[in-house]
Amino acid sequence: MAKVCQLFSGSSGNSILISSKGRNYLVDIGVSAKRCEQALLENNVAPQSVEAILITHEHSDHTSGLRVFSSRYHTPVYAPKHCISNMQSTGIINEKVNISAFDWHLELEGVSIKAFQQSHDSVDCVGYRFDFSGIEKKSISICTDTGYITDNAREITKGTDLIFIESNHEISMVEMGPYPYPLKKRILGPQGHLSNFACGEFIKELAKSGTKRFVLSHLSRENNMPDIARQTALSALAELGLKEGVDYRLYVSSPQGNRSIVL
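All values reported here derive from a predicted model rather than from experimental measurement. (Residues numbered from 1 in each chain as written. Predicted model: local features only at pLDDT ≥ 70, side-chain atom pairs only at ≥ 80, totals over all residues. Heavy atoms only, no water.)

Regarding helix α4 (residues 81–90)
- Listing the buried residues of α4 in full gives Cys83, Ile84 and Met87. Angularly, the buried residues of α4 cover 100° about the axis, an arc narrow enough to put them on a single face. Every exposed residue of α4 that faces more than 90 degrees away from the buried side is listed here: Lys81 and Ser89.
- On the buried face of α4, the contacting elements are α2 (60–63), α3 (66–73), β5 (77–79) and β6 (99–101).
- Just downstream of α4, Gly91 is the residue with a positive phi angle, here 85°. (Buried < 20%, exposed > 50% of the residue type's maximum accessible area, 1.4 Å probe, protein only. Helix = DSSP H or I, 4+ residues; strand = E, 2+ residues; numbered from the N terminus. Arc of directions from axis to C-beta. Contact = heavy atoms within 4.5 Å.)

Here is the structure:
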């Protein structure tokens, strides 16, 4: 049995807990180590039981608690090699962090992890797919922080049982909102964030490939609303004749989610 929980989501910090057969993994720690520890304990997970931390990219909303947490519990960390170089040069991590470069495929006990390239304004940004061994053979993917869905992401996430997928903004809210033009251009650009519409279009592809659980993640507080993101995804899946609760399940992450999903 696999279990996932979006501990934190959005520009104020991101972290996802993935558990299977008593083994725990974190994808990103974008809040303080103290807050991450508390969230884990609220989910009955001892911080020292985390066996690995996987980093998607170096931005602070994904790494701010990494150095303290990984040093305190001696937790192995994996990240893209260019991301590691950047984190070392900027002081995000130091010599106390046990970090290794993720070379697209990693085998840990009971789980196979593949990375896929994202399009984001960082030195190196990836998403991850976890495939668990055993009778159920469940799979979980994390696809956030990307301006568009890359061919690499399409190929690797195909058929995943559950996916955390970015539904960052409603385009009209960005265009009409108070952000300065350069920031609007960044968000809407090919190395920015995924819109509700783009998320919905990709969700349709995933549903056709067999995915049945979708978690809308990394919603902007300023340029989105949970109900809008959810309705866009529902409408996209309705185009395929699919019904919520029958053919699929749809979740929307809040900034401090703490909602566990059992596969």
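That was the structure; now back to the text.
Quick look at unusual backbone geometry
- Positive phi is not limited to glycine here, since His74 has a value of about 55°.
- Along the chain, the position of His74 falls in the loop between α3 and β5.
- You will see that His218, though not glycine, has its phi angle at about 55°, which is positive.
- Residue placement: His218 occurs in the loop between β12 (213–217) and α9 (226–238).

Re the side chain of Ser15
- With respect to the helices and strands, the residue Ser15 is situated in strand β2 (residues 15–20).
- You can call Ser15 buried: its relative accessible area is 1%.
- A polar contact is formed between the side chain of Ser15 and the backbone oxygen of Asp28, at a distance of 2.7 Å. (Polar contact = N/O pair within 3.5 Å; in protein donor to acceptor, adjacent residues only side chain to side chain.)

Considerations on the environment of Ile228
- With respect to the helices, strands and loops of the structure, Ile228 is situated in helix α9.
- Ile228 gets classed as partly exposed once you look at its relative accessible area, which sits at 27%.
- Residues Ile228 and Cys5 lie 223 residues apart in sequence; the distance between their C-alpha atoms is 22 Å.

A look at the pattern of salt bridges
- Tallying each qualifying case throughout the model produces ten salt bridges.
- The partner of Asp131 in a salt bridge is Arg129, and the shortest N-O contact between them spans 2.9 Å.
- Owing to a relative accessible area of 11%, Arg129 belongs among the buried residues under this scheme.
- Within this structure, Arg23, Glu51 and Glu109 form a network of salt bridges that share partners. (Salt bridge = Lys/Arg side-chain N within 4 Å of Asp/Glu carboxyl O.)

Considering the pairing of strand β4 (residues 50–54)
- A large share of β4 lies buried, amounting to four of its five residues.
- With two bridges connecting them, β4 and β5 associate as parallel partners. The residue bridging Ile53 from the neighbouring strand is Val77, located in β5. (Pairing = 2+ DSSP bridges.)

Some remarks on the packing of aromatic side chains
- For the structure on display, the rule yields five aromatic pairs.
- An angle of 50° between the planes, with centres 6.2 Å apart, marks the rings of Tyr25 and Phe130 as tilted. Of this pair, Tyr25 sits in strand β3 (residues 23–27) while Phe130 sits in strand β9 (residues 126–132), and the two are 105 residues apart along the sequence.
- On the basis of relative accessible area, Phe130 is assigned to the buried category, the value being 0%.
- Between the aromatic rings of Phe130 and Phe132, the centroid separation amounts to 6.4 Å while the plane-to-plane angle is 20°, which identifies the pairing as stacked. (Phe/Tyr/Trp six-rings, centres within 6.5 Å; stacked < 30°, edge-to-face > 60°.)

What to know about α3
- For α3, the complete set of buried residues consists of Leu66, Phe69, Ser70 and Ser71.
- Packing partners of the buried residues in α3 comprise β3, α1 (33–42), β4, α2, β5 and α4.
- Phi for His74, located one or two positions after α3, is positive at around 55°.

Observations concerning the nonpolar core
- Residues Ile18, Tyr128, Phe130 and Ile140 are the most contacted members of the largest nonpolar core, which totals 26 residues.
- Elements represented by at least two residues in this core include exactly β1 (2–8), β2, β3, β4, β8 (111–117), β9, β10 (139–143) and β11 (162–166).
- A total of four residues in this core trace back to one element, the largest contributor, which is β9.
- In this structure, Ala33, Val45, Val77 and Ile84 belong to the second largest nonpolar core, which totals 25 residues. (Core = buried A, V, L, I, M, F, W, Y, C linked by side-chain atoms within 4.5 Å.)

On their own, these measurements won't tell you what the molecule is for.
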